[in-house]
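# Coordinate inspection notes
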Amino acid sequence: MLDRESTFTDQNLLQSLRDHCIPVALDQAYERRQEDAKGEFYRRIAGQGPRKDFRGSTQGFYLATADGELLMYNNNRRPELVARLVRAALERFDAAAETRPAAQPIEDGEPDPQWSPEPPDGGLVLRTHTRVLGGYPERAESPEPRREWRRIMETALGRDNCWLTREEHRALASGEVPGSAIRRIVRFHFVDNTRGEPPMWRANEVESLEFERDGDQIRGNVRLRAKDDSREYVAAFLAELAIEDGSVTRFDLIADGSFRGEGRYTPGAPPDWFPLAVSLTLADGHDVADRIPPQGSRGWVRGYLDTRRD
Amino acid sequence: MRTHRTALLALLSATASAQDTPLDSDGASRVETTAPAVSRQRFDELRITLQPNPDAPWRSIAWRIDLLAAQREASEANKPLFIWAMDGHPLGCT
């Protein structure tokens, strides 16, 4: 979220992207591994930058021609720097416009099934948001831009998508509570993703889970604890549903509880227990982000959907 | 009303609520057992608190998420691709 709230606040950069580029956002963990035309094209571009070892992260900002010539790479999120580099790359792009052959469109071909997940047919997509409530304690001031980055992370809203299967959708629409859906929600979405990629909960870290349905409400309580005792979340949750013609037309869930700990990529959590809330709400499909796979499904959708597995 | 329980801990059978759980010796760190139920008022408050800002500047960009569809569009429009490639999806969980 640092880039969302820092890099893309520069009006010059936003204007350049809107008017002069085709902007693409992706989780490079997919494209750098994909054995298909998409992965090949991504690696052609990224391989011209400094991160050529596709066994590791290739994250950063790239500007490239449609035939894959890299014009800019940068992995520094400072907005004025990214704006300046993009502007310079666009000037190089324009300068060679007369002599550059027209790029040929690349067809999709057969997608790599492991890295091309689609939401379950007939299932539901739930937008997920997470927030640390109550703020963070005062800390010693650090120099900019780190102070600003800390402010962003400490007020951030974590985002993700949750997928429910067709069978779970049918069960919800017929008045039941599919335990698999609730287990998936708590294991993969009751996480603190407000400061980065969070560790998910393993099946044996769900220490207790209780839920009940009363009409169009589901109430529950959960206790999650990492086996190494590094993290814990104790929360109650309430969901409200509406059903029309055999389909779920509303699903709003709120989890409210106390969290402690952090993961390798989510450092800087408040000390001790802190309040953390999670919301899930039915996606309407109008936001391009509704098509993004859940973070917890990365590389192994079956493991995400079958919550009995670790 | 249906009730489901899995791996129910002895802790859950305890009657203590979050409000009357003990404090650590320093008086600052609360040991949680179960969380209090989400009231109707709390549900409504948190739904608002957890709303994303629709006017955030990064949302003013028409981000594409399919690299090859974007490549074809860039070919047609004779524009370069700007690729925001992160660990975790930039529009999702990062």
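Residues numbered from 1 in each chain as written. Chains lettered and ligands numbered in written order. Predicted model: local features only at pLDDT ≥ 70, side-chain atom pairs only at ≥ 80, totals over all residues. Heavy atoms only, no water.

All right, on to the overall build of chain A then. What chain A contains, in helices and strands, is nine helices and ten strands. In terms of overall dimensions, chain A has a C-alpha envelope of 70 × 50 × 35 Å along the principal axes. A buried classification covers 57% of the 310 residues belonging to chain A. Sequence-distant contacts in chain A: of pairs separated by 6 or more residues, those separated by 24 or more amount to 62%. Accessible surface, chain A as shown: approximately 13,300 Å² in total, 46% of it carbon and sulfur. Chain A carries 45 positive and 54 negative side-chain charges, and their two centres are separated by 5 Å. (Helix = DSSP H or I, 4+ residues; strand = E, 2+ residues; numbered from the N terminus. Buried < 20%, exposed > 50% of the residue type's maximum accessible area, 1.4 Å probe, protein only. Contact = heavy atoms within 4.5 Å. Areas by Shrake-Rupley, 256 points an atom, 1.4 Å probe, with all protein chains shown as cover. Lys, Arg positive; Asp, Glu negative; His and termini not counted. Charge placed at Lys NZ, Arg CZ, Asp CG, Glu CD.)

Of note in the backbone geometry, A:Asp245 takes a positive phi value of approximately 50° without being a glycine. Mapped onto the elements of the fold, A:Asp245 is located in the loop between strand S8 (231–244) and strand S9 (247–261). Despite not being glycine, B:Asn78 has its phi angle at roughly 55°, a positive value. Looking at where B:Asn78 falls in the secondary structure, it is placed in the loop between helix H3 (67–77) and strand S2 (81–86).

Let's shift gears to the interface of chain A and chain B. Counting from both sides, the interface comprises 95 residues of chain A and, opposite them, 66 residues of chain B. Interface area for chain A against chain B, summed over the two sides, is near 7,800 Å², with a carbon-plus-sulfur share of 60%. The largest contributions to the chain A side of the interface with chain B come from A:Arg4, A:Ile22 and A:Val24, which together make up 10% of the buried area. Seen at the junction of chain A and chain B, the total is six salt bridges. Where B:Arg42 meets A:Asp256, a salt bridge forms, and the shortest distance between an N and an O atom there is 2.7 Å. Remark: the boundary between chain A and chain B carries 33 residue pairs in polar contact (both at pLDDT 80 or more). The biggest single contributor to the side of chain A that touches chain B is strand S6 (residues 206–214) of chain A, with nine residues. The pairing of strand S1 (residues 22–27) of chain A with S2(B) spans six bridges and is classified as parallel. Pairing of A:Val24 across the sheet is with B:Ile83, part of S2(B). (Buried area = accessible area lost by both parts, 1.4 Å probe. Salt bridge = Lys/Arg side-chain N within 4 Å of Asp/Glu carboxyl O. Polar contact = N/O pair within 3.5 Å; in protein donor to acceptor, adjacent residues only side chain to side chain. Pairing = 2+ DSSP bridges.)

This part is about the packing of helix H2 (residues 11–20) of chain A against helix H5 (residues 79–95) of chain A. Residues and elements named next belong to chain A. At their nearest, the axes of H2 and H5 sit 9 Å apart, and the two run at 35° to each other. Every pair of crossing elements has a handedness; the one defined by H2 and H5 is left-handed. For the pair H2 and H5, the contacting residues are Leu 13, Ser 16 and His 20 in the first and Val 82, Ala 83, Val 86 and Leu 90 in the second. When grouped by side-chain class, the residues that make up the contact of H2 with H5 number five nonpolar, two polar and no charged. (Axes fitted to C-alpha atoms, helices over the stretch in contact; angles between N-to-C directions. Left-handed = near helix turned anticlockwise from the far one by under 90°. Nonpolar A, V, L, I, M, F, W, Y, C, P; charged D, E, K, R; others polar.)

Scanning the model with the defined rule gives 16 aromatic pairs over all chains in all. Look at A:Phe190 and A:Tyr233: their rings are 6.1 Å apart centre to centre, the planes differ by 90°, and that puts the pair in the edge-to-face class. Of this pair, A:Phe190 sits in the loop between helix H8 (179–189) and S6 while A:Tyr233 sits in strand S8; the two residues are 43 residues apart in sequence, bridging distant segments of the chain. Given a relative accessible area of 0%, A:Tyr233 falls into the buried group. Seen from their ring centres, A:Tyr233 and A:Phe259 are 5.5 Å apart, and the 45° between their planes marks the pair as tilted. Pair noted here: A:Tyr233 is in strand S8 and A:Phe259 is in strand S9, with a separation of 26 residues, a long-range link. One exposure class covers both A:Tyr233 and A:Phe259, and it is buried. Feature note: the residues A:Phe190, A:Trp201, A:Tyr233, A:Phe237, A:Phe259 and A:Phe274 constitute an aromatic cluster, connected by ring pairs. The cationic tip of B:Arg59 hangs over the ring face of B:Trp58; the distance from NZ or CZ to the ring centre is 5.4 Å. (Phe/Tyr/Trp six-rings, centres within 6.5 Å; stacked < 30°, edge-to-face > 60°. Lys NZ or Arg CZ within 6 Å of the ring centre and 35° of its normal.)

With respect to the helices and strands, A:Leu157 occurs in strand S5 (residues 157–164). A relative accessible area of 13% means that A:Leu157 is categorised as buried. Between the alpha carbons of A:Leu157 and A:Thr130 there is a distance of 5.5 Å; along the sequence they are 27 residues apart. Contacts of A:Leu157, omitting those with residues within four sequence positions, involve A:Arg4, A:His129, A:Thr130, A:Arg131, B:Leu50, B:Gln51 and B:Pro52.

Quick look at the pattern of salt bridges now. Residues and elements named next belong to chain A. Considering all chains together, one arrives at 27 salt bridges over all chains under this definition. The shortest N-O distance in the salt bridge between Arg 298 and Asp 27 comes to 2.7 Å. Taken together, the residues Arg 298 in the loop between strand S10 (273–282) and helix H9 (301–305) and Asp 27 in strand S1 connect sequence positions 271 residues apart. Judged by its relative accessible area of 29%, Arg 298 is partly exposed. Across the pair Asp 284 and Arg 127 runs a salt bridge whose closest N-O atoms are separated by 2.8 Å. Highlighted residues: Asp 284 in the loop between S10 and H9 and Arg 127 in strand S4 (residues 124–132), separated in sequence by 157 residues. Classification of Asp 284 as partly exposed rests on a relative accessible area of 48%. For Arg 127, a relative accessible area of 21% gives the class partly exposed. Here the salt bridges do not stand alone but share partners, grouping Glu 207, Arg 223, Arg 225, Asp 229, Glu 232 and Arg 260 into one network.

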